[in-house]
Protein chains: 2
Amino acid sequence: MSASSFAQLPAPPCFAVIFSSLRSAGDDDGYARMAARMVELAADQPGYLGIETARGAEGFGITVSYWTSLAAIAAWKAQAEHRVAQETGKARWYEHYELRIARVERAYAGPR
Amino acid sequence: MSASSFAQLPAPPCFAVIFSSLRSAGDDDGYARMAARMVELAADQPGYLGIETARGAEGFGITVSYWTSLAAIAAWKAQAEHRVAQETGKARWYEHYELRIARVERAYAGPR
C-alpha cells in the first residue's frame, strides 16, 4: 500500500489501533524499511482490515490500523517479527508514542 | 497547539473522531488558516479533550480529535463556524475524506 491511500473498510463496527509517534533523529533508512515491512506483514494477519498513515516533516506521525476484533489486535501485537520491530522502535526510532485502541461505531466519507 | 504534539488525555473511555483526508491541489494558505482556526475553535468546545494531526508531503493527512461523549462530537459537528469550514472543505480543500467515530477503550504510551 502507499502512504497516501485510504483504507477500504466494511461497515462498522470494527476496531482501530491509533498509533501516534514522534520519530527520533537518524536511521531514516532502517525505519523506512521496518515501516514498509510492518505494513506488508499486518496485511497478512487474520482480522486485518486496512491501514492509513501520515507523517509530517517535523517527524510527528499518525498510523491507524483497522481490525475485526480485539483478539486480532492482540494477536498482531504478539506476532514475533512485529515484537522485534516494537522493541527496536522503543530503543531507536521513537522519541515518544501514544497508542489507543478504539471501537469504530460510525463512519462516513466525502465529499463526493 | 503545534502540529507535532501529543494529546494529553484522561484515562479511557473517551471518543475519537478519526478524520483522514487527501488535499486538493492549491489554496494552501486558505486551508492552513482554516485548519489553525478549527484547532483553536475545537479547543473551546464543551467536551473537547485534545487533538493530534499529521500530513505528509503527498497531501494525505490524519487528524484525530478526542471528546468526552458522542453528544460533544455531535455539537462540534453542528457548530456554526465549523459547518462553514466543512462545506468549504467539501467544495475546495479535500479530494476525498473518511471520517470514523470510535470509542477509545484502552491507551498506553512509550517508550519511557
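Reading the values: rules and limits
- Sequence order as written defines residue numbering, which begins from 1 separately in each chain.
- Naming scheme: in the order in which they are written, chains are lettered from A and ligands are numbered from 1.
- Restriction of local features to residues with pLDDT of at least 70 applies here, the model being predicted, together with a cutoff of 80 or more for giving and counting side-chain atom pairs; totals for whole chains, interfaces and linings are based on all residues.
- Note on contacts: residues are paired as contacts if their backbone-placed C-beta atoms lie within 7 Å.
- Every helix listed is a DSSP run of H or I at least four residues long, and every strand listed is a run of E at least two residues long, numbered separately from the N terminus.
- Each residue receives one of three labels: charged for Asp, Glu, Lys and Arg, nonpolar for Ala, Val, Leu, Ile, Met, Phe, Trp, Tyr, Cys and Pro, and polar for the others, Gly being one of them.
- For our purposes the nonpolar core covers buried Ala, Val, Leu, Ile, Met, Phe, Trp, Tyr and Cys residues that link as a set through C-beta atoms within 7 Å.
- Backbone-placed C-beta atoms define the burial measure: a residue is buried with 20 or more other C-beta atoms within 10 Å of its own, exposed with 12 or fewer, and partly exposed in between.
- Strand pairing is defined by DSSP finding a minimum of two bridges between the two strands.
- Between N-to-C directions, angles cover 0 to 180 degrees, with each direction set by a line fitted to C-alpha atoms, over the stretch in contact for helices.
- Superposition of the copies used a least-squares fit over C-alpha atoms from residues whose pLDDT is at least 70 in both.
- Reported orientations rely on four angle classes, namely roughly parallel under 35 degrees, roughly antiparallel over 145, roughly perpendicular from 65 to 115, and oblique for the rest.
- When the near helix sits turned anticlockwise from the far one by under a right angle, the crossing is termed left-handed; a clockwise turn instead gives a right-handed crossing.

Asks: Help me get a handle on the interface of chain B and chain A, residues and values and all.
Replies: With 35 residues of chain B at the contact, the number on the chain A side is 35 residues. Those elements that place two or more of their residues in the side of chain B that touches chain A are strand S1 (14-23), strand S2 (48-55), strand S3 (60-67) and strand S4 (94-110) of chain B. A total of 16 residues in the side of chain B that touches chain A trace back to one element, the largest contributor, which is S4 of chain B. Grouping the constituent residues of the side of chain B that touches chain A by class yields 19 nonpolar, 7 polar and 9 charged.

Asks: Residue-level account of the nonpolar core, with values.
Replies: Counting residues in hydrophobic clusters, the biggest one holds 28 residues, and the most contacted among them are Ala-16 and Ala-102 of chain A together with Ala-16 and Ala-102 of chain B. With sequence-adjacent residues up to four places away left out, Ala-16 of chain B is seen in contact with Ile-18, Arg-100 and Ala-102 of chain A together with Val-64, Tyr-66, Ala-102 and Val-104 of chain B.

Asks: Mind laying out the sheet that holds S1 of chain B, listing which residues take part and the relevant values?
Replies: Reading across the sheet, the 8 strands line up as S2(A)-S3(A)-S1(A)-S4(A)-S4(B)-S1(B)-S3(B)-S2(B) and stay open at both edges, with antiparallel pairing between neighbours. The outermost strands of the open sheet, each flanked by one partner alone, are strand S2 (48-55) of chain A together with S2 of chain B. When strand polarity is set aside, the average angle formed by the axes of neighbouring strands in this sheet is 25°. Where S2 of chain B lies against S3 of chain B, 7 bridges are found, and the strand directions are antiparallel. Among the inter-strand pairings, Gly-50 of chain B is bridged to a residue of S3 of chain B, identified as Tyr-66 of chain B. Against the sheet, helix H2 (residues 70-78) of chain B makes contact with S1, S3 and S4 of chain B, and its axis sits at roughly 35° relative to S1 of chain B, the strand it touches most.

Asks: A description of the relation of the copies chain B and chain A should follow, citing residues and the corresponding values.
Replies: Two copies of one chain are present, and they are related through a rotation about an axis combined with an axial shift. Take chain B, turn it by 180°, move it 0.0 Å along the axis, and it overlays chain A with an RMSD of 0.0 Å. Accordingly, the operation relating the two chain copies is best matched by a two-fold axis. A high fraction, 100%, of the interface residues of chain B reappear at the interface in chain A, so the copies pair face to face through one surface.

Asks: Requested: an account of the packing of helix H1 (residues 28-43) of chain A against helix H3 (residues 80-93) of chain A, with residues and values cited.
Replies: All names here are of chain A. It is the contact of H1 with H3, at a shortest axis distance of 11 Å, that shows an interaxial angle of 150°. Taken together, the axes of H1 and H3 lie roughly antiparallel to each other. Relative to H3, H1 is oriented so that their crossing is left-handed. Note on element contacts: H3 touches H1 through Glu-81, His-82, Ala-85, Thr-88 and Trp-93, opposite Tyr-31, Met-34, Met-38 and Leu-41. Classifying every residue of the contact of H1 with H3 by side-chain character gives 6 nonpolar, 2 polar and 1 charged.

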